[in-house]
Each structure stands twice: as structure tokens, then as C-alpha cells.
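Results of the structural survey
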Amino acid sequence: MWAWYLLHCKARQEARARMHVENQGYTACLPQINRTKLVRGKRTVCEEPLFPNYLFVQLNVNTANFNALRSTRGVNGFVRFGGVPATVPNEVVAQLLELEDAQKNAPSVQQTYITGAAVEITEGPFAGLQAVYQMPKGEERCLVLLDMLGKQQRIEIEERVLRSS
């Protein structure tokens, strides 16, 4: 009988654990998500685990070597409830795999603006106003110049509420 189980991995060693589990002949699932991060002052898209420190593994209950898996490099052990390794429904893992495939096939939606670009604010108290993009500030925010009270004011705003005008 095949079932999906959840392994708890050591910090930031999910990929290592996956490699070693797959080398033992098991099927592993490590759902990844793309996130835009600020790395050395530049925005880059990084692939990160959707569930940090966890790895799904498909095992045949009758033939699997649970002790070997528990001792695999990068693995802390099985997620257990009442001392028994917890199973994950097949439908949940299938849906995670579908979402992962959809994300890999989707075009990158990273939207960055060049300095001096005209933008429109779409949400919040400044919705509908025109602004001039200045620079990114952090992972999700940016600085824009907004005409208020007869002069340009520099405001910090979330980049997701901007649209090219």
C-alpha cells in the first residue's frame, strides 16, 4: 500500500534531503515557490520551499525502510502523531504538484520600473494619482514622487499598487 508521508528536515537542507531520499529509490516531493527578494541591493527571483523544513515522500508501507529514511542526511525524522508517522492524503500532494507545475510554466510576472517612469497609483489614499517612479526600497516597497501642494513629495508605497501609465 503506497502512501505519502512527511519528513521534517534540518534547517535549509530540504534539497539535500530530497536528493538523498531519491538516491534510496523513493519518490520525493518538495514544492517550490518563486519569491522576489532583495539580494545585494538588487531584486532577484529566488526559488524557495513552499513548506520550509518539510519534504513529502511516497512509501510502500510494507517494504519501506523507515529507519534508513529517518537517518538520511538532512532529515530530522518523520512527522508523527501519537508516535505513528502521519500520512498525507494523495489528493493534497497531487494538488501541490499541479500548482508547482503551473508555476514553473507560468511567465514571470516580476514588474520593475525604471527611474523616471510615469506610474499610476491604483490603491489606497492616493488611488488614481499620477506619480514618477524613483527607486525600489526593500523587497516590496518603492519611492515615488507625487505632485502635492504645488511641489513634488517623495512617498514610500508598495510597488504592487503601481501601474504603468
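Residues numbered from 1 in each chain as written. Predicted model: local features only at pLDDT ≥ 70, side-chain atom pairs only at ≥ 80, totals over all residues. Heavy atoms only, no water.

1. A few points about the environment of His8
Here His8 shows up in strand 1 (residues 2–9). Remark: the alpha-carbon pair of His8 and Glu156, spanning 148 residues in sequence, is separated by 40 Å. The contact partners of His8, leaving out residues within four places of it in the chain, are Asn53, Tyr54, Val75, Asn76, Gly77 and Val79. (Helix = DSSP H or I, 4+ residues; strand = E, 2+ residues; numbered from the N terminus. Contact = heavy atoms within 4.5 Å.)

2. Observations concerning the domain arrangement of the protein
Entries for the protein in the domain assignment read domain 1 (2–105) and domain 2 (117–164). Spacing between the C-alpha centres of domain 1 and domain 2 amounts to 40 Å. Taken together, the contact between domain 1 and domain 2 spans five residues of the former and seven residues of the latter. Note on domain 1 versus domain 2: buried area summed over both sides is about 430 Å², and carbon and sulfur give 36% of it. On the surface where domain 1 and domain 2 come into contact, there are zero salt bridges. For the pair domain 1 and domain 2, the number of links is zero residue pairs in polar contact (both at pLDDT 80 or more). (Domains from an automatic or database assignment. Buried area = accessible area lost by both parts, 1.4 Å probe. Salt bridge = Lys/Arg side-chain N within 4 Å of Asp/Glu carboxyl O. Polar contact = N/O pair within 3.5 Å; in protein donor to acceptor, adjacent residues only side chain to side chain.)

3. Focus: the packing of aromatic side chains
The final tally for this structure, using the stated rule, is five aromatic pairs. Aromatic side chains Phe51 and Phe56 sit 5.9 Å apart centroid to centroid with 75° between the ring planes, which places their arrangement in the edge-to-face category. For Phe51, a relative accessible area of 33% gives the class partly exposed. According to the relative accessible area criterion, Phe56 is buried, its value standing at 6%. Considering the side-chain rings of Tyr113 and Tyr133, the 5.4 Å spacing of their centres and the 50° angle between planes classify their relative orientation as tilted. (Phe/Tyr/Trp six-rings, centres within 6.5 Å; stacked < 30°, edge-to-face > 60°. Buried < 20%, exposed > 50% of the residue type's maximum accessible area, 1.4 Å probe, protein only.)

4. Some thoughts on the environment of Arg16
Of note, Arg16 is situated in helix 1 (residues 14–23). For the pair Arg16 and Phe126, spaced 110 residues apart in sequence, the C-alpha separation works out to 47 Å.

5. Focus on the nonpolar core
Leu7, Val21, Tyr26, Leu55, Val57 and Leu59 are the most contacted members of the largest nonpolar core, which totals 16 residues. Secondary-structure elements contributing two or more residues to this core are strand 1, helix 1, strand 5 (54–60) and strand 6 (75–78). Top element by residues in this core is strand 1. It accounts for four residues. Every residue in contact with Val21, bar those within four places of it in the chain, is listed here: Leu7, Tyr26, Ala28, Leu55, Val57, Leu69 and Thr72. Counting residues in hydrophobic clusters, the runner-up holds 13 residues, among them Ala131, Tyr133, Ile157 and Leu162. (Core = buried A, V, L, I, M, F, W, Y, C linked by side-chain atoms within 4.5 Å.)

6. Focus: the pairing of strand 5
The two faces of a sheet get side chains in turn, since along a regular strand they alternate between them. Within strand 5, five of the seven residues are buried, leaving the element largely enclosed by the surrounding structure. In the sheet, strand 1 pairs with strand 5 via seven bridges, with the strands oriented antiparallel. What sits directly across from Ala3, in strand 5, is Leu59. Two strands pair when backbone bridges link them, and strand 2 (residues 27–29) and strand 5 are joined in this way by three bridges, in the antiparallel orientation. Residue pairing across strands places Cys29 opposite Phe56, the latter belonging to strand 5. (Pairing = 2+ DSSP bridges.)

7. Structural notes on the pairing of strand 10 (residues 118–121)
With three bridges connecting them, strand 10 and strand 11 (residues 130–137) associate as antiparallel partners. Paired with Ala118 across the two strands is Val132, which belongs to strand 11.

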